[in-house]
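Inside the fold
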Amino acid sequence: MEAPPLQRKLAAILAADVEGYSRLMHVNEERTLATLTSHRTIVDSIIERANGEIFGTAGDSVLAEFPSIVLAFNAAVAMQQSIWRANQSLPDEERMNFRIGINVGDVLVKNGDIFGDGVNIAARLEGMADVGGICVTRGVRDHLRDRVDAAFEDLGEQTFKNIGRPLRVFRVEFDQEADPLSDGPRPRFMNADDESNPDTRTPYAEPMSLDHGTSEDLQQVEIAFWDAVRESNDPNEYKLYLSRFPDGKFVDLAHARLENSKPSPEDLAVEVAFWDTVRSDGNAAMIDAYLAKYPRGQFCDLARLMLATLRK
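Given the structure is predicted, the values throughout are model-derived calculations rather than measurements. (Residues numbered from 1 in each chain as written. Predicted model: local features only at pLDDT ≥ 70, side-chain atom pairs only at ≥ 80, totals over all residues. Heavy atoms only, no water.)

**Some points on the overall build of the protein chain**
Heads up, the rule is: Runs of E in the DSSP output that reach at least two residues are strands. Runs of H or I that reach at least four are helices, and both are numbered from the N terminus. Any residue under 20% of the maximum accessible area for its type is buried, any over 50% is exposed, and the rest in between are partly exposed; the area is computed with a 1.4 Å probe on protein chains only. Working rule for contacts: check all heavy atoms of both residues, and any pair within 4.5 Å makes them a contact. Note on areas: Shrake-Rupley with a 1.4 Å probe; residue coverage comes only from the protein chains shown.
Along the protein chain, the regular secondary structure elements total eleven helices and eight strands. Residues counted as buried form 45% of the 312 residues belonging to the protein chain. The contacts of the protein chain with a sequence gap of at least 6 include a subset with a gap of at least 24, amounting to 64%. When the accessible surface of the protein chain is summed, it comes to about 15900 Å², and 47% of that surface belongs to carbon and sulfur atoms.

See the structure below:
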């Protein structure tokens, strides 16, 4: 069989990862999985609104590419600000934060995934970022310098594993606690084909927090949240909507979707992989987490049987 062709292109790459994910899972797997689902809804929605494409996810990590450095940067800032707001309703020990790295470089596309030094560098930058912070390369900084309302702290040249040359790295200084819904000065998303024309700008994706806002703001947050989940086949996303908006505009529709939702083959594969991990681990907390995530899953009866055996 002929190998699929390789496509090479220049892209802005964003790599994000949850800080301390293993620690959070050790403390409370079920709560951590629920928080991750909620935060990923925020992150994925912002990436989509910024014309980004998600290529790789490993539960607690995200890899996305954008047609514009400005789009990638403003998505990263919006993600960190929105996650900060979402965390305010959680106890300190349950708060989940991301580190983000952004690079611009040559990448290879194969079988719907991206590879190459451009991707590896973004991942290394993510590891250097502060909790809730962003690190970028010099190329990204030079492109952004006069286009965004942010400062860049020079961290000097850094050497990374499996990267053949030192790279100049910059830490982004921005107001993590700023409200992306506010009308004050801040970077905004721009159309990929015109980054300089202010008339083409569209605002940040709304954060998924219900704290501090007018009734009109909260309605806009609810609409944005529903737009992010309405095409999903995952019943957990509808449950998340109902838990956040029990009196919302789309409650009846969410209940109907919940009743009729059927997992896609990809979702079934994820469930099977999740169950394989749970079954081999034999941990009651992990089995509880499976039942919470897949209340009508393929292995619910077996999971309940295993729980009954473990708790005798």
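**Things to note about helix 4 (residues 117–128)**
Spelled out, the test is: The span you would expect from a helix comes to 1.5 Å times its residue count less one.
When the terminal C-alpha atoms of helix 4 are compared, their 17 Å separation across twelve residues agrees well with the 16 Å that a helix rising 1.5 Å per residue should span. Contacts made by the buried residues of helix 4 are with strand 1 (7–18), strand 3 (61–66), strand 4 (98–110), strand 5 (113–115), strand 6 (134–137) and strand 8 (167–173).

**A closer look at the pattern of salt bridges**
Cut-off, in case you're wondering: Throughout this description, the term salt bridge denotes a Lys or Arg side-chain nitrogen within 4 Å of a carboxyl oxygen of Asp or Glu.
For the structure shown, the criterion picks out nine salt bridges. The closest approach of N and O atoms between Asp44 and Arg40, which form a salt bridge, is 2.9 Å. A residue pair is termed a helical-turn pair when its members lie 3 or 4 positions apart in one helix, as Asp44 and Arg40 do in helix 2 (residues 29–49) at four residues. By relative accessible area, which is 13% here, Arg40 ends up buried. In the salt-bridge network here, residues are joined through shared partners; they are Asp130, Glu153 and Arg171.

**Brief notes about the packing of helix 2 against helix 10 (residues 284–293)**
Short version of the rule: Orientation is described by axes fitted as lines to C-alpha atoms, over the contacting stretch for helices, and by angles from 0 to 180 degrees between their N-to-C directions. Under the scheme applied, nonpolar residues are Ala, Val, Leu, Ile, Met, Phe, Trp, Tyr, Cys and Pro; charged residues are Asp, Glu, Lys and Arg; polar residues are all the others, including Gly.
Here helix 2 crosses helix 10 at 35°, and the two axes come no closer than 8 Å. Mapping the contact onto sequence places Glu29, Glu30, Leu33 and Thr37 in helix 2 and Ala285, Met286, Asp288, Ala289, Ala292 and Lys293 in helix 10. Looking at the contact of helix 2 with helix 10 residue by residue, the class counts come to five nonpolar, one polar and four charged.

**Looking at unusual backbone geometry**
With a phi close to 65°, Asn51 is a non-glycine residue in the positive phi region. Tracing the chain through its elements places Asn51 in the loop between helix 2 and strand 2 (53–57).

**A look at the pairing of strand 8**
To keep things clear, this is the line we draw: Paired strands are those between which DSSP finds at least two bridges.
Bridging between strand 6 and strand 8 involves three bridges; their strand directions are antiparallel. Opposite Cys135, over in strand 8, you have Arg171 as the bridge partner.

**Structural notes on the confidence of the model for the protein chain**
As a reminder, the rule being used: Known as pLDDT, the predictor's per-residue confidence is scaled from 0 to 100.
Chain-level pLDDT for the protein chain is 76 on average; 73% of the residues reach the 70-or-more range. Per-residue pLDDT, averaged within each element of the protein chain, yields its smallest value for helix 6 (residues 215–229) (62) and its largest for strand 6 (94). Here residues 181–214 is modelled with pLDDT under 50, and outside its nearest four sequence neighbours on either side it reaches 80 contacts, counting other chains as well.

**With respect to helix 10**
Heads up, the rule is: Residues adjacent in sequence count toward polar contacts only when both atoms are side-chain atoms; beyond that, a polar contact is any pair of N or O atoms within 3.5 Å, and within protein one must be able to donate a hydrogen and the other to accept it.
Taken as a whole, helix 10 has its buried residues at Met286, Ile287, Ala289, Tyr290 and Leu291. Where helix 10 begins, one side-chain oxygen reaches toward the backbone nitrogen of Ala285, 2.7 Å away; that side chain belongs to Asn283.

**Re the side chain of Ser68**
Among the structural elements, Ser68 can be located in the loop between strand 3 and helix 3 (69–87). Residue Ser68 is classed as buried on the basis of its relative accessible area of 3%. Polar contacts involving the side chain of Ser68 include one to the main-chain amide nitrogen of Val70, which spans 3.1 Å. At a separation of 3.2 Å, a polar atom in the side chain of Ser68 contacts the main-chain amide nitrogen of Leu71.

**Topic: the nonpolar core**
Condition: The nonpolar core is taken to be a set of buried Ala, Val, Leu, Ile, Met, Phe, Trp, Tyr and Cys residues, with the residues joined through side-chain atoms within 4.5 Å.
Formed by 56 residues in total, the largest nonpolar core has its most connected members in Phe66, Phe73, Ile102, Ile134 and Tyr290. Excluding its chain neighbours within four sequence positions, the residues that come into contact with Ile102 are Ile13, Ala72, Phe73, Ala76, Leu125, Ile134, Cys135, Val136, Thr137 and Val140. Within the second largest apolar cluster, ten residues are counted, among which are Ala11, Val107, Ile114 and Val119.

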